[in-house]
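Here's the letter readout for the chains.
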Amino acid sequence: MARKLLLAVLTVAFIGALAAGAVFLGLLERSVVSREIEQPLTAEQMKGLVKRGAYVAVAADCYACHVTKGGAPWAGGLPFETPFGTIYSTNISPDREHGIGAWTRAEFHRAVRDGVGKNGHLYPAMPYASYRKLTAGDVDAVYAYLMSREPMKVANRENHLPFPMNIRQGLTFWNLVNLSSGTGTEVAGRSEAWNRGRYLTDALAHCGECHTPRNLTMGMKESAYLQGAELEGVIAPDITKAGLTRMGFDPLVFASFMKSGISAQGAMTNQMFEVVHFSTQYLSPDDLAAMSAYLFDLAKLPERATPPAPPQPVAVSAETASSARSTYLAVCASCHGVEGQGIPHVVVPLATNASLRLADARNLNRVILSGIPAQRFPGLERMQPMPGFAAQLTDQEVADLSNWLRANWGGQKPSVTVDEVRRLR
Amino acid sequence: MTIATRTLSLTINDEAVGPIDVPETMMMQDFLYEYLNLTGSRMGCGQGICHACTVIVEKGDGSLEEMRTCITGAHWFAGRKVRTVEGHAKRDANGAITQLSPVQQAFIEHFSFQCGYCTPGFVTGATVLLDQLKRNPVRREALEGVISEALDRHICRCTGYVRYFEAVRDLVLRTPGLVKA
């Protein structure tokens with residue numbers, strides 16, 4: 001009996017080891033790059049694709065990650081602090097030694113859509129789980145565009161990852177669990193704009209990489225699609241129809257917010273500031289309309305604005321209100337206005353601010369403590385810097401202020417605790 | 001319509017001020033100008049950018065902090081000790097200036113300013129920096145960076161900062177105890 005059991009255990013272990021080995025060797029990986037892509041593009045075809053590629057690359061926001069501030073264009077080097085260590089974006093200029101100059105069309109396609117580069121597996125900081133849904137035509141266009149750039153002789157930086165995360169081949173396991181085999185985004189019966197919006201949202205702009213929470217294996221949790229997630233200590237908000245409406249957006253305002261980065265709901269901050277800066281401000285009016293229509297689940301953008309009703313104020317204790325009002329008048333009101341109206345072209349309003357309407361108060365609290373640097377927006381708009389008040393306000397004062405602002409203008413329960421503020425310092 | 005007021009008491013340039021009724025939405029700069037005739041702190045941008053309006057707040061432990069009066073409400077200063085640019089020099093019994101502060105003297109010696117609009121802010125900022133260096137001296141090689149960082153936020157539009165910078169560096173180097181060996 002014991003021997004039979006042992007045999008069974010050994011058999012299971014053997015099969016398990018075989019299966020793990022097969023996964024590790026990539027035998028179970030399925031490329032979504034079709035065989036025709038092995039055929040190189042002609043010089044003529046490459047030339048013809050450059051202009052389209054420039055637009056696709058902007059919509060896919062490639063540049064934001066593949067450059068550093070003041071660094072050589074397309075030469076990579078931007079650090080990504082992950083829970084496992086630091087990885088750096090790579091040189092994707094057409095330099096033959098350091099960049100992708102020696103990559104074939106098919107090699108480029110496999111890197112972008114399968115996450116398997118010429119030199120091994122990519123880490124999923126490169127959003128290939130989303131880019132997998134790109135059309136072959138769009139990937140060709142980006143390839144042609146990148147190959148038309150100036151080669152940059154800039155060496156790639158070495159990642160700092162501990163064992164076993166430093167073994168690129170290990171990504172085969174992640175890919176097995178987290179890569180979908182379906183690559184289509186088109187839904188029959190939905191409008192052209194809605195479908196274009198879905199393609200922009202899911203494939204090109206890869207919105208879900210930040211706005212969809214991640215599961216235990218750090219893959220996108222599809223059951224909570226676009227419902228908001230924590231990212232580098234701030235909240236990437238819920239951008240489903242319900243989430244956008246809660247923040248005070250309607251489809252028209254949201255489309256213009258993606259273009260300008262500024263609306264009554266506030267100004268883009270953190271990573272979304274860069275997304276507007278590098279990407280969405282350049283999207284065509286049709287694409288912005290499509291993206292907004294899709295996120296609001298409409299066949300097309302409506303003609304007129306339909307702003308959602310402002311939230312009902314929630315009562316706070318007299319003590320909280322008195323503390324918060326004193327703080328507000330002392331250090332907030334000169335810029336944000338006594339009534340929270342802000343100053344056009346200078347300071348965002350608070351009375352209609354989306355940050356006050358989020359269930360999680362973290363973004364607001366962080367901004368109160370650390371401030372926001374001056375930011376330039378499209379069309380000569382410029383928001384002045386917001387000072388941080390960590391040195392001037394106690395934890396209690398910040399908690400009171402945050403609770404009062406959120407209750408008054410955001411309709412949120414005054415749930416911020418002193419401990420919560422202390423932990424953010 | 002009446003403007004809601006609140007009673008304010010504070011110390012300015014070592015003198016007790018108040019209790020006095022002050023509109024609760026009034027900025028400190030307006031309070032200094034309209035109630036106390038202390039017009040040395042300059043209104044520049046009115047947005048907290050240029051730092052021409054700053055004053056010193058002396059904290060409980062004696063350390064100094066710079067605050068912008070154009071964007072900070074008068075009532076924030078309730079119970080606090082404030083030093084405006086009028087309170088830096090030594091004065092005689094009649095209030096006439098007998099000796100400038102070391103920072104003010106250094107700015108004069110170096111011809112640091114031209115129109116002088118930003119000078120109250122620079123006097124305030126440099127004084128706070130000297131106080132910080134007294135508490136935490138820096139290594140000589142770090143000094144230039146420390147001065148730049150401390151005064152970077154002060155905006156000047158005519159002399160181009162160099163003479164302010166040289167005055168502060170000169171003063172720091174000849175004041176014992178601010179720079180570590």
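Look above for the structure.
Bear in mind the structure is a predicted one, so any value in this text is a computation, not a measurement.

The rules behind these values
Residues numbered from 1 in each chain as written. Chains lettered and ligands numbered in written order. Predicted model: local features only at pLDDT ≥ 70, side-chain atom pairs only at ≥ 80, totals over all residues. Heavy atoms only, no water. Core = buried A, V, L, I, M, F, W, Y, C linked by side-chain atoms within 4.5 Å. Buried < 20%, exposed > 50% of the residue type's maximum accessible area, 1.4 Å probe, protein only. Helix = DSSP H or I, 4+ residues; strand = E, 2+ residues; numbered from the N terminus. Contact = heavy atoms within 4.5 Å. Buried area = accessible area lost by both parts, 1.4 Å probe. Salt bridge = Lys/Arg side-chain N within 4 Å of Asp/Glu carboxyl O. Polar contact = N/O pair within 3.5 Å; in protein donor to acceptor, adjacent residues only side chain to side chain. Nonpolar A, V, L, I, M, F, W, Y, C, P; charged D, E, K, R; others polar. Arc of directions from axis to C-beta. Pairing = 2+ DSSP bridges.

Draft legend 1. Representation of the nonpolar core. Ranked by size, the top nonpolar core spans 68 residues in total, and within it Phe108(A), Leu134(A), Leu146(A), Leu204(A) and Leu244(A) carry the most contacts. Sorting elements by how many residues they give to this core places helix H6 (residues 136–147) of chain A first, with seven residues. Filtering out sequence-adjacent residues up to four positions away, Leu244(A) remains in contact with Asp238(A), Ile239(A), Phe249(A), Phe254(A), Leu295(A) and Phe296(A). By size, the runner-up hydrophobic cluster in this structure holds 41 residues, among which are Ala333(A), Ala399(A), Trp409(A) and Leu38(B).

Draft legend 2. Here's a closer look at the interface of chain B and chain A. Contact with chain B, which involves 14 residues of that partner, is made by 13 residues of chain A. In total, chain B and chain A occlude about 1200 Å² of area from one another, counting both sides; carbon and sulfur atoms represent 56% of this. Of all residues in chain B, Gln47(B), Ile71(B) and Trp76(B) bury the most surface against chain A, accounting for 36% of the area lost on that side. Inspection of the region where chain B meets chain A yields one salt bridge. We note a salt bridge from Arg325(A) to Glu24(B), for which the minimum N-O separation is 2.1 Å. Inspection of the region where chain B meets chain A yields six residue pairs in polar contact (both at pLDDT 80 or more). Examining the composition of the side of chain B that touches chain A, we find that three residues originate from one element, strand E4 (residues 64–68) of chain B, more than from any other. In terms of residue class, the side of chain B that touches chain A is made up of six nonpolar, four polar and four charged.

Draft legend 3. Broad picture of helix H7 (residues 171–178) of chain A. Residue and element names in this part refer to chain A. Within the span of H7, buried status applies to Leu171, Thr172, Trp174, Asn175 and Asn178. All buried residues of H7 lie within an arc of 160° about the axis, which places them on one face of the element. Elements that come into contact with the buried residues of H7 comprise helix H1 (2–24), helix H4 (105–114), strand E4 (120–121) and helix H5 (128–131).

Draft legend 4. Inspection of the pairing of E4(B) at higher detail. Residue and element names in this part refer to chain B. Counting buried positions along E4 gives four out of five residues, so the element sits mostly inside the fold. Where strand E3 (residues 54–58) meets E4, five bridges bridge the pair, whose relative direction is antiparallel. Among the inter-strand pairings, Val57 is bridged to a residue of E4, identified as Glu65. The antiparallel pairing of E3 with E4 creates a hairpin that spans five residues between the two strands, and Gly62 there sits at a positive phi of about 90°.

Draft legend 5. The pattern of salt bridges, seen in detail. Across all of its chains, the model carries 26 salt bridges over all chains by this definition. Two residues, Arg52(A) and Asp138(A), come together in a salt bridge whose shortest N-O distance is 2.7 Å. Here Arg52(A) is found in helix H2 (residues 43–59), whereas its partner Asp138(A) is found in helix H6, with 86 residues between them in sequence. Judged by relative accessible area, Arg52(A) falls into the partly exposed class, the value being 40%. Across the salt bridge formed by Glu24(B) and Arg6(B), the nearest N and O atoms sit 3.9 Å from each other.

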